[in-house]
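# Commentary on secondary and tertiary structure
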Amino acid sequence: MAELSQKERMKIKRHDMPNQDQFVRRGNYDEVALGYSLETAREEAERCIQCKEPKCVQGCPVGVLIPQFIKALREGDMIKAVEWMKVKNNLPAICGRVCPQETQCEGNCILRKKGEPVAIGRLERFVGDYELAHRTCPLEKAPLTGKKVAVVGSGPAGITCAVDLGREGHKVTLFESLHGPGGVLVYGIPEFRLPKSVVFGEINYAVECLGIEIKVDHVIGRTFTLDELLNEYDAVFLGTGAGLPSFMRIPGINLNGVMSANEFLTRVNLMKGYLFPEYDTPVKVGKKVAVIGAGNVAMDSVRCSLRLQALQAQKSGENSGEVHMVYRRSRAEVPAREEEFHHAEEEGVIFDFLTNPLEILGDEKGNVRGMRCIRMQLGEPDKSGRRSPIPIEGSEFEMEVDTVIMALGTSPNPLVFVDAEGLERTKYGTAVADNETGRTKKPRVWAGGDVVTGAATVISAMGAGKRAATDISRFLKGEAPW
Amino acid sequence: MYRILKKEVLSDVTKLMEVQAPHVARKARAGQFIIVRIDEQGERIPLTIADYNREAGAITIIFQEVGKSTMQLGKMEPGDELSSFAGPLGHPTDIENYGTIVCVGGGVGIAPIYPIARSLKEAGNTVISIIGARNKSLLFWEEKMRAVSDELIVCTDDGSHGRKSLVTEPLKELLEDKDRKVARVWAIGPAIMMKFVSLATKPYDVPTTVSLNTIMIDGTGMCGGCRVLLDSGAQFVCVDGPEFDAHKVDWGSLLSRLQFYRDEERKAVEQWEHKCKLEGAIAEGGK
Ligand SMILES: Cc1cc2nc3c(=O)[nH]c(=O)nc-3n(C[C@H](O)[C@H](O)[C@H](O)COP(=O)(O)OP(=O)(O)OC[C@H]3O[C@@H](n4cnc5c(N)ncnc54)[C@H](O)[C@@H]3O)c2cc1C
Ligand SMILES: Cc1cc2nc3c(=O)[nH]c(=O)nc-3n(C[C@H](O)[C@H](O)[C@H](O)COP(=O)(O)OP(=O)(O)OC[C@H]3O[C@@H](n4cnc5c(N)ncnc54)[C@H](O)[C@@H]3O)c2cc1C
Ligand code: SF4
Ligand code: SF4
Ligand code: FES
């Protein structure tokens, strides 16, 4: 393509992502967003005006070299595009799919003001998928240093940290309590949003090229304590995430049919419950599901519920039912990724905004039969700048539901802190660690990702893993003593 | 993968296995459990650590075939391998010298009560054990239990062995007996048995510990599926337990939650039995 002028570039319209049909996809778990073709990707890349001071990069938590990779992509130099990408981001096929781009890179893109931002996330995914298919970028490994590092938790923070340490020539062992690696990427985020083959592709590649050893079924705090790891390893990185679910403190939470989003999503995704009885773990939803919350976790829960209902209906021949999302604030405050909200809406989720449950009601058998709720209105902005919801007196009403899924946020799982004297925690249960280096208050222990920040994002966990790896390596080489 | 080292058939539906799992054996203690997954399609099921051998790196489990996963496990043989084996999970039992203790084991609960009785005995307690089952063929480890108890009472529901009664009857008599001064009771068995043990000891104000067997998935505090209502609020059995003060447990909610997947479990068994029959028929045909 001939060089375009800035004006011409800005006239090109943002390219839509081809999606699986909204009616068909309700009945399967296949990926919804199908990805750009090479032509579309290159055309979309033409839209970037290559800002001298790119605002997009400031919006990205790890500062991906966006103009550089986009330029290589539009010139058709995929090898270069991958190289630029991997300077800052080890997992583009994942981040391109799950980053909240509208509040990060794309939210800052200069073109956003004048219309629509460059589809940075979709281009990133394209580059990541290309790399997964062609492996243009060998993971090179420095000579062995003889140092041993234990990485606890195999989510994005742990994987990134392990890979970067492995490249530096350290011997890395990755400990995971579940039976497979991946963290939230595997047990939480559903197949239709992030195919597991993408996650396993990245992990296997790293293991094969770098000789990282993965020990699953190892629950740190029980199988080994942190102090026991410190006896064997020169350094320990904690990337144990924030997996402890919270329940509302309202009556009825122990009724049958009430579950945490973590339980529901683990049954569906990690255990493949949607394939029951070919897979042994059962999962079921009723005809009237209410998911409480409106973050990414809630969005995944409503969309998995819709699919389960459709699969159940295919078998029984009955109608499939309803899925409600119950949120105490309004549409404008929905914290989930924009794309997920949009997809959920297309798939037929019913949104009950400004609504808060007061009690879950049960029948004589202990099963959920309804929820008593109250309507809310938004008051003055609070300290965080968000308008806080206030109950409207006298507006209580009953909602008929048979399944309630609580997606109310999570906090760090305390097991890893068992017998780990000196590892300081905040009152929210998160580990205290330096933002730049990841150093905790306990010598030779680093931490990063959700275990430090509380539930956050894949890319911020990855960034923390990367920063910690840099500091650990410097520590092991004696450049930065504790 | 975790190799099955040994298998013993304790009754038609109760089997013992020793599994190679050095990472669990090095730290295992009485009262703790493991999570096992048979194969790639398998569910994660919790089983108590019935015994351990640190030198050999082996864990003993005893299970009753009640559904698809335990039936499938029961068909496996030494040399076969299990996909996952995680642990040791949960808090170990608080072993101290309390005085006179009654240990109640019902059905497959005899297995997990055994190491507890043994440890309590070693700690200097006077241990009176009561074991019970529906009938004689479901009883096991009578001699092992006798060896670690000062006194052993055996019951069956149908009177086919030992005393014809539920375990709660002799328990009440012991509690009535002023000379015995029962300091504590441990009870492990079906939820309904533990509920009635709890009701039996409550009027006497004897502290009673039960090991709860709620439905679990991860076993590490991540899903909340195992939660139980105590009078102080909800707790997670896998990380806060599995042992709890029986008098604080909301038994109604516990029993009802155990039923939640009953239809699905039945379907899984039907499908599994059908598959076994088919495979049996093919094997027959091939002969
Ligand atoms: C349903 C859902 C949807 C989400 N959607 C998005 C999204 O669209 N975009 C986005 O950016 N973010 C999303 N997030 C958030 C994002 O997934 C997390 O912020 C991110 O995964 C955190 O990474 P991590 O490495 O810190 O921890 P995790 O991914 O939580 O991984 C921690 C790992 O440590 C293991 N572990 C815990 N304790 C121990 C122990 N004691 N011993 C051994 N192993 C242990 C856990 O089993 C787990 O595998 C979502 C989260 C959820 C739950
Ligand atoms: C901490 C803990 C320790 C346990 N230790 C042992 C043990 O040492 N030996 C043993 O035989 N069993 C033990 N159990 C129970 C065991 O986990 C279940 O029997 C097993 O999960 C059933 O799986 P299944 O697929 O064979 O049956 P399913 O088809 O899942 O269930 C069949 C029947 O068993 C009931 N059931 C399902 N899950 C459980 C459960 N977790 N506990 C009790 N009943 C259940 C169901 O209500 C149903 O009626 C323990 C449970 C816990 C939580
Ligand atoms: S990592 Fe995420 S925020 Fe950064 S450029 Fe890529 S998609 Fe945007
Ligand atoms: S801000 Fe937008 S237009 Fe500018 S370099 Fe970044 S992506 Fe390109
Ligand atoms: S089994 Fe998931 S929290 Fe206990």
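No experiment lies behind these values; they were computed from the predicted model shown. (Residues numbered from 1 in each chain as written. Chains lettered and ligands numbered in written order. Predicted model: local features only at pLDDT ≥ 70, side-chain atom pairs only at ≥ 80, totals over all residues. Heavy atoms only, no water.)

Right, let's get into the overall build of chain B. Helix and strand counts for chain B come out as 9 helices and 17 strands. The C-alpha radius of gyration of chain B comes to 19 Å, within 12% of the 19 Å expected for a compact globule of 287 residues. Projected onto the principal axes, the alpha-carbon positions of chain B cover approximately 65 × 40 × 40 Å. Across the 287 residues in chain B, those meeting the buried criterion constitute 56%. For chain B, the computed accessible surface area is about 12200 Å², with 49% contributed by carbon and sulfur atoms. A distance of 1 Å separates the average location of the 36 positive side-chain charges in chain B from that of its 40 negative side-chain charges. (Helix = DSSP H or I, 4+ residues; strand = E, 2+ residues; numbered from the N terminus. Rg over C-alpha atoms; globule rule 2.2 N^0.38 Å. Buried < 20%, exposed > 50% of the residue type's maximum accessible area, 1.4 Å probe, protein only. Areas by Shrake-Rupley, 256 points an atom, 1.4 Å probe, with all protein chains shown as cover. Lys, Arg positive; Asp, Glu negative; His and termini not counted. Charge placed at Lys NZ, Arg CZ, Asp CG, Glu CD.)

Bringing the nonpolar core into the picture now. By size, the foremost hydrophobic cluster in this structure holds 77 residues, and its most contacted members are A:Phe69, A:Ile94, A:Leu123 and A:Ile472. Of the residues forming this core, the biggest block, 9 residues, is contributed by helix α18 (residues 458-476) of chain A. Viewed by domain, this core spans two of them, domain 1 (6-134) and domain 2 (148-243 + 411-476) of chain A, each represented by three or more residues. Judged by nonpolar contacts, the second largest core, of 56 residues, contains A:Val219, A:Met399, A:Met406 and B:Cys226. (Core = buried A, V, L, I, M, F, W, Y, C linked by side-chain atoms within 4.5 Å. Domains from an automatic or database assignment.)

Quick look at the packing of helix α10 (residues 156-167) of chain A against helix α12 (residues 196-210) of chain A now. Residues and elements named next belong to chain A. Interhelical geometry of α10 versus α12 gives an angle of 20° and a closest axis separation of 10 Å. It follows that α10 is roughly parallel to α12 by the angle criterion. By crossing handedness, the relation of α10 to α12 is classed as left-handed. Of the residues in α12, those in contact with Ile159, Val163, Gly166 and Arg167 of α10 are Ile203, Ala206 and Leu210. The class makeup of the residues in the contact of α10 with α12 is 5 nonpolar, 1 polar and 1 charged. (Axes fitted to C-alpha atoms, helices over the stretch in contact; angles between N-to-C directions. Parallel < 35°, antiparallel > 145°, perpendicular 65-115°, else oblique. Left-handed = near helix turned anticlockwise from the far one by under 90°. Contact = heavy atoms within 4.5 Å. Nonpolar A, V, L, I, M, F, W, Y, C, P; charged D, E, K, R; others polar.)

Moving on, we come to the site of ligand 3. All residues in the neighbourhood of ligand 3 are listed as A:Cys60, A:Pro61, A:Val64, A:Ile66, A:Asn89, A:Cys95, A:Cys99, A:Gln101, A:Gln104, A:Cys105, A:Glu124 and A:Ile459. Of the residues belonging to the shell around ligand 3, the class tally is 8 nonpolar, 3 polar and 1 charged. (Near = heavy atom within 4 Å.)

Let us now look at the packing of aromatic side chains. All names here are of chain A. One pass over the full model with this rule turns up 15 aromatic pairs over all chains. On the basis of an interplanar angle of 15° and a centroid distance of 3.8 Å, the ring pair of tyrosine 29 and tyrosine 274 is categorised as stacked. Of this pair, tyrosine 29 sits in the loop between α1 (6-11) and α2 (38-45) while tyrosine 274 sits in the loop between α14 (261-270) and β7 (288-292), and the two are 245 residues apart along the sequence. For tyrosine 274, a relative accessible area of 17% corresponds to the buried category. (Phe/Tyr/Trp six-rings, centres within 6.5 Å; stacked < 30°, edge-to-face > 60°.)

Residues and elements named next belong to chain B. The environment of ligand 2 is formed by 22 residues, the closest being Pro46, Thr48, Thr70, Asn213 and Leu258. One of the backbone N or O atoms of serine 69 is found 3.0 Å from an oxygen atom in ligand 2. Across the complex, the protein chains shield 86% of the 850 Å² of accessible surface that ligand 2 would expose by itself. Elements with a contribution of two residues or more to the shell around ligand 2: β4 (45-48), β6 (58-64) and α2 (68-74). (Polar contact = N/O pair within 3.5 Å; in protein donor to acceptor, adjacent residues only side chain to side chain.)

Let us now look at the side chain of B:Arg257. Position of B:Arg257 among the secondary structure elements: in helix α8 (residues 251-258). The buried charged residue B:Arg257 lacks any salt bridge, with A:Glu263 as its nearest oppositely charged partner at 4.7 Å. Side-chain polar atoms of B:Arg257 contact the backbone oxygen of A:Leu255, separated by 3.5 Å. The residues touching B:Arg257, leaving out its near neighbours within four places in the chain, are A:Asn254, A:Leu255, A:Asn256, A:Val258, B:Ile215, B:Gly224, B:Gly225 and B:Arg227. (Salt bridge = Lys/Arg side-chain N within 4 Å of Asp/Glu carboxyl O.)

The next point concerns the domain arrangement of chain A. Many descriptions give the size of an interface as the accessible area lost when the pieces come together. All names here are of chain A. We note that the domain assignment places domain 1 (6-134), domain 2 (148-243 + 411-476) and domain 3 (247-408) within chain A. If you average the C-alpha positions of domain 1 and of domain 2, the two centres end up 28 Å apart. The contact between domain 1 and domain 2 buries some 1900 Å² in all, and 72% of this surface belongs to carbon and sulfur atoms. Interface area lost by domain 1 to domain 2 is led by Asn90, Leu91 and Ile94, which between them contribute 29%. In this structure, the connection of domain 1 to domain 2 is made through 0 salt bridges. (Buried area = accessible area lost by both parts, 1.4 Å probe.)

Residues and elements named next belong to chain A. Checked against the element boundaries, tyrosine 36 lands in the loop between α1 and α2. Once the C-alpha coordinates of tyrosine 36 and alanine 119 are considered, the two residues, 83 residues apart in sequence, prove to be 11 Å apart. Not counting the four nearest positions on each side in its chain, tyrosine 36 is found in contact with His15, Asp16, Met17, Pro18, Ala41, Glu44, Ala119, Arg122, Leu123 and Phe126. A polar atom in the side chain of tyrosine 36 sits 2.6 Å from the backbone oxygen of histidine 15.

All names here are of chain A. An order of β3-β2-β1-β4-β16 is seen for the 5 strands of this open sheet, with the pairing classed as parallel. What marks the edges here is a single partner per strand, and that holds for β3 (213-215) and β16 (445-447). In this sheet, neighbouring strand axes are inclined to one another by 20° on average, regardless of whether the strands run parallel or antiparallel. Docked against the sheet, α18 engages β1 (148-152), β4 (235-238) and β16, running at close to 170° with respect to β4. (Pairing = 2+ DSSP bridges.)

The next thing to look at is α10(A). Turn by turn, an α-helix covers 3.6 residues, leaving residues three or four places apart pointing in a common direction. All names here are of chain A. Here α10 is 12 residues long and its end C-alpha atoms lie 17 Å apart, about the 16 Å a rise of 1.5 Å per residue gives. Counting buried positions along α10 gives 11 out of 12 residues, so the element sits mostly inside the fold. Those residues of α10 that sit buried are Pro156, Ala157, Gly158, Ile159, Thr160, Cys161, Ala162, Val163, Asp164, Leu165 and Gly166. On its buried face, α10 sits against β1, β2 (171-175), α11 (184-187), α12, β4 and α18. (Expected span 1.5 Å × (residues − 1).)

Under the defined criterion, the tally for this structure stands at 52 salt bridges over all chains. Between B:Arg163 and B:Glu169 there is a salt bridge; the shortest N-O distance is 3.5 Å. Among the residues examined, B:Arg163 registers a relative accessible area of 28% and is labelled partly exposed. Taking the relative accessible area as the measure of exposure, B:Glu169 reaches 42% and is therefore partly exposed. Sharing partners across several salt bridges, the network here consists of A:Arg25, A:Arg193, A:Asp300, A:Arg303, A:Arg307, A:Arg337, A:Glu339, A:Glu340, A:Glu346 and A:Glu347.

Here the focus is the domain arrangement of chain B. Residue and element names in this part refer to chain B. Taken domain by domain, chain B comprises domain 1 (2-89) and domain 2 (93-211). The C-alpha centroid of domain 2 is placed 24 Å from the C-alpha centroid of domain 1. At the interface, 14 residues of domain 1 touch 15 residues of domain 2. The contact between domain 1 and domain 2 buries some 1200 Å² in all, and 61% of this surface belongs to carbon and sulfur atoms. Applying the counting criterion to the domain 1 and domain 2 interface returns 1 salt bridge. Close ionic contact of aspartate 51 with arginine 118 constitutes a salt bridge, the shortest N to O distance being 3.2 Å. Secondary structure elements with two or more residues in the side of domain 1 that touches domain 2: β1 (2-11), β2 (14-20) and β6.

Bringing the sheet that holds strand β5 (residues 51-53) of chain B into the picture now. Residues and elements named next belong to chain B. The strand order across the open sheet formed by 5 strands is β5-β6-β2-β1-β7, and the pairing between neighbours is antiparallel. With one partner strand each, in any of the chains shown, β5 and β7 (81-82) form the two edges of the open sheet. Note: β1 against β7, 2 bridges, orientation antiparallel. Each residue of the ladder has a partner; that of tyrosine 2, found in β7, is leucine 82.

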